[in-house]
Amino acid sequence: MPIVLFRVDERLIHGQVVVGWGGPLHADRIVVVDDAIADSPWEQELYCLGVPPEIEASFLGVDAARARVAGWRGDALHRTIVLVRDVATLRRVAEEHALRGDEVNLGGIHHAAGRERLLPYLYLTADEGAALRGLAADEVRISARDLPASRPVPLEDLLPAR
Amino acid sequence: MSGVSPRVRRALLLRSFAVQGSWNYRTLIGTGFAFVLLPALRAAHAGDEAGLRRALARHAELFNSHPYLATVAAGAVARLEAEGAAPELVGRFKSALRGSLGSLGDRLVWLTWRPACALLGVCLLLAGAPWWAAAGVFLLAYNALHLWLRAWALDVGLRDGLQVGRALRESPLERLGERAAGAGALLAGFGAVLAFGGAGARGTDQLLGPAALAAGILLGFRTRRVAFALLAATLAAGALYLRTR
Amino acid sequence: MTPGPGTLALLAVLGGAAALDGTSLGQVMVSRPLVAATLAGCVAGSPAHGAMLGLFLEALHLGVLPVGASRYPEGGPPAVAGAALFAGSAGTFAELLPVVLFCMAWEWACGATVQWMRHWNARAASPPEETELDPATLERRHYASIAGDFARGAVLTLLGLALLAAWLRAGPAEWTPEPVARMALAGVAAAGIASSLRLFGSRRLPLFVLGAACGVALLVLR
């Protein structure tokens, strides 16, 4: 299942993802999906500093990524980690049922104004909660987990019942 | 290095020594970063008190970095603010920098340079050097890199602004780390042997030396806990023996 | 054996400075056991004794990783406390053993207070809703945190001194025969130093062995 991790984490490429997840999952490719970064060489350069030589890093815009998801899923040669910065980007990638049946990991969204604390590493606004529910209705399996060894918290347990 | 005066640059460097002064679990190094940046923000927002307060609030937000490399961020952000860059751009820059400054610094300084220099001091002492030589050499060697790193990082930040990624990638830091790790491994072997060798073990007791070395290598970071237990057991055994005599 | 009030005050300042140097200010490594114990030894009248204690504490500190938010033992204040008292002793291994043990335990306790302090420092952070920050407020909070860390270090140094002095009065320095204490400490130091190979990478084992060979050569020649 060569998309070994599809993660929402506002820090994108950093130690916890590369070492904590990439190591145990034996990932050899990391894709960052973000329109702004895809157009920004200096930003890509900075994120690449945190990537060890054995892992290939690439940066794609949302539309390009959406078209490639099926390819990564079916790729027998590479084990891919896909990273998005926030729920809004996740929702855009998931348009046209692109992520139907996939597993998505909520890994790190920090405290900010308007956000409610759900977990020590996860703060969401009401809109983001609704967006996630919408994705779940489209058969995207969403759960929160900060490290592979932790127990995943499924979406139904995270969000208060409507 | 347009827009950032020498006086402000000196202030950034000096304040960087206190960058972790209010490190906390909510904003990590954020509050300290704002403290370091304050002189630059004052200059950039001169005459605009409200603008200064808004900028300061922005920069006191969550941020992280290795303390010695925080000047990369400080220098680059100082330049960006002086040039009037949009807050959103500066925010993205800091987000992109966070992970790399942390891991670069951790790998080079805490995991390599510091233990290597400490081992140098320890080995000197074990080899018979006077107390002031051991501590002195450690401090001199360690801080030679430490102080250079802070100043170099500030220069890189001020000079390259958004483009610091390339300078960091092409820096001598990686190679330096490799050399230091090699020296550290050498010193570790040397010191470990001297540590036990000087204990005057006789006969079969001498086998404890290689055993201790092997234990240390195999246990790795658990060595400390095992050492504590062993020492405590030794002391307790002594007390018990005296009690029962 | 117990230092006079003037010395105690100096030691408290040294301990406070060592605490600061550990994370908050400077980080020029006077907080390392090797340096802090040697300096405390100078203050208490025997730098050589201080360095001796510092050597063993440092050997056991090499494998400690202060990476980010994890919990780790704090070396500065305990080294100062331990060296201050060890400086007044005859400097035997039997006397060193209980001091090393105490310092290791105290390092762990001090490390816990570092975590508390980091939680306490969160009051220096503004809530995310605040879009404006007054410079004077920021600086005040920052300096207060630094002052707090210094106070923490000074208090822990004096407390450590008091606890260790009390324990030493029970006579643990006489419980272990000198050769046994020497062997135990030497073995533990050797293991601690060897464990640092883990930091440099196990692929550097050949260099480690080379260094060990040099060590053996030096011992044989001496």
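Scroll up for the structure.
Residue positions within a chain follow its written sequence, with the count starting from 1. Written order decides the labels, with chains lettered from A and ligands numbered from 1. Totals for whole chains, interfaces and linings use all residues, but because this is a predicted model, local features are given only for residues with pLDDT of at least 70 and pairs of side-chain atoms are given and counted only at 80 or more. Neither water nor hydrogens contribute to the side-chain values; these are computed over all heavy atoms in the structure.

**Q** With reference to specific residues and values, describe the pattern of salt bridges.
**A** Note that side chains of opposite charge can pair when their charged atoms are close. The salt bridge criterion pairs a side-chain nitrogen of Lys or Arg with a carboxyl oxygen of Asp or Glu, the two atoms within 4 Å. In total, this model carries 27 salt bridges over all chains according to the counting rule given. The salt bridge partner of Asp-75 of chain A is Arg-29 of chain A, with a shortest N-O separation of 3.1 Å. Of this pair, Asp-75 of chain A sits in the loop between helix H4 (62-74) and strand E4 (80-84) while Arg-29 of chain A sits in strand E2 (residues 29-33), and the two are 46 residues apart along the sequence. The class of Asp-75 of chain A is buried, set by a relative accessible area of 19%. For Arg-15 of chain B, the salt bridge is made with Glu-139 of chain C, and the minimal N-O distance between the two is 2.6 Å. Residue Arg-15 of chain B is located in helix H1 (residues 6-16), and its partner Glu-139 of chain C is located in helix H6 (residues 135-169); the two belong to separate chains. Across the pair, Glu-139 of chain C and Arg-15 of chain B agree in class, each one buried. Several salt bridges share partner residues, and in doing so they unite Arg-53 and Arg-54 of chain B together with Glu-132 and Asp-134 of chain C into one network. By the criteria applied, helices consist of DSSP H or I runs no shorter than four residues and strands consist of E runs no shorter than two, each listed in order from the N terminus. Think of it in three bands: with a 1.4 Å probe and only protein chains considered, a residue is buried below 20% of the maximum accessible area for its type, exposed above 50%, and partly exposed in between.

**Q** Just give me the short version of the interface of chain C and chain B, but keep the residues and values in it.
**A** Any two residues having at least one pair of non-hydrogen atoms within 4.5 Å are treated as being in contact. The partner chain B presents 93 residues to the 96 residues of chain C that form the contact. Two N or O atoms count as a polar contact when they lie within 3.5 Å, although within protein this holds only if one can serve as hydrogen donor and the other as acceptor, and sequence-adjacent residues are included solely when both atoms are side-chain atoms. Summed over the shared surface of chain C and chain B, the number is 23 residue pairs in polar contact (both at pLDDT 80 or more). Elements with a contribution of two residues or more to the side of chain C that touches chain B: helix H1 (5-24), helix H2 (33-44), helix H3 (47-59), helix H5 (93-120), H6, helix H7 (178-195), helix H8 (197-200) and helix H9 (205-221) of chain C. Ranked by residues supplied to the side of chain C that touches chain B, first place goes to H7 of chain C with 15 residues.

**Q** I'd love a proper account of a nonpolar patch on the surface, names of residues and values included.
**A** The residues that make up patches have over 30% relative accessible area and no salt bridge, and they are joined within 9 Å when like-charged or within 5 Å when they are Val, Leu, Ile, Met, Phe, Trp or Tyr. In these tables, accessible area is a Shrake-Rupley quantity obtained with a 1.4 Å probe, and a residue counts as shielded only by the protein chains included in the view. Together, Val-155, Leu-159 and Leu-163 of chain C line one region of the surface with nonpolar side chains, adding up to about 250 Å² of accessible area. Relative to the assigned elements, Val-155 of chain C resides in helix H6.

**Q** Which residues make up the pairing of E2 of chain A, and what values do they have?
**A** Residue and element names in this part refer to chain A. Counting buried positions over the 5 residues of E2 gives 5, a clear majority of the element. At least two DSSP bridges between two strands are required for those strands to pair. Pairing between E2 and strand E3 (residues 56-60): 5 bridges, direction parallel. Within the sheet, the bridge partner assigned to Val-32 lies in E3 and is Phe-59. Sheet topology places E2 next to E4; 5 bridges connect them, and they run parallel. For Val-31, the partnering residue across the bridge sits in E4 and is Val-82.

**Q** How would you sum up the state of the cysteines? Please name residues and give values.
**A** All names here are of chain B. Note on terminology: pairs of cysteine sulfur atoms within 2.5 Å are recorded as disulfides. Applying the stated criterion to the full structure yields 0 disulfides over all chains. Looking at Cys-117, it has no disulfide partner, and the nearest cysteine sulfur is the one in Cys-123, 12 Å off. Accessibility expressed as a relative area gives 4% for Cys-117, which makes it buried.

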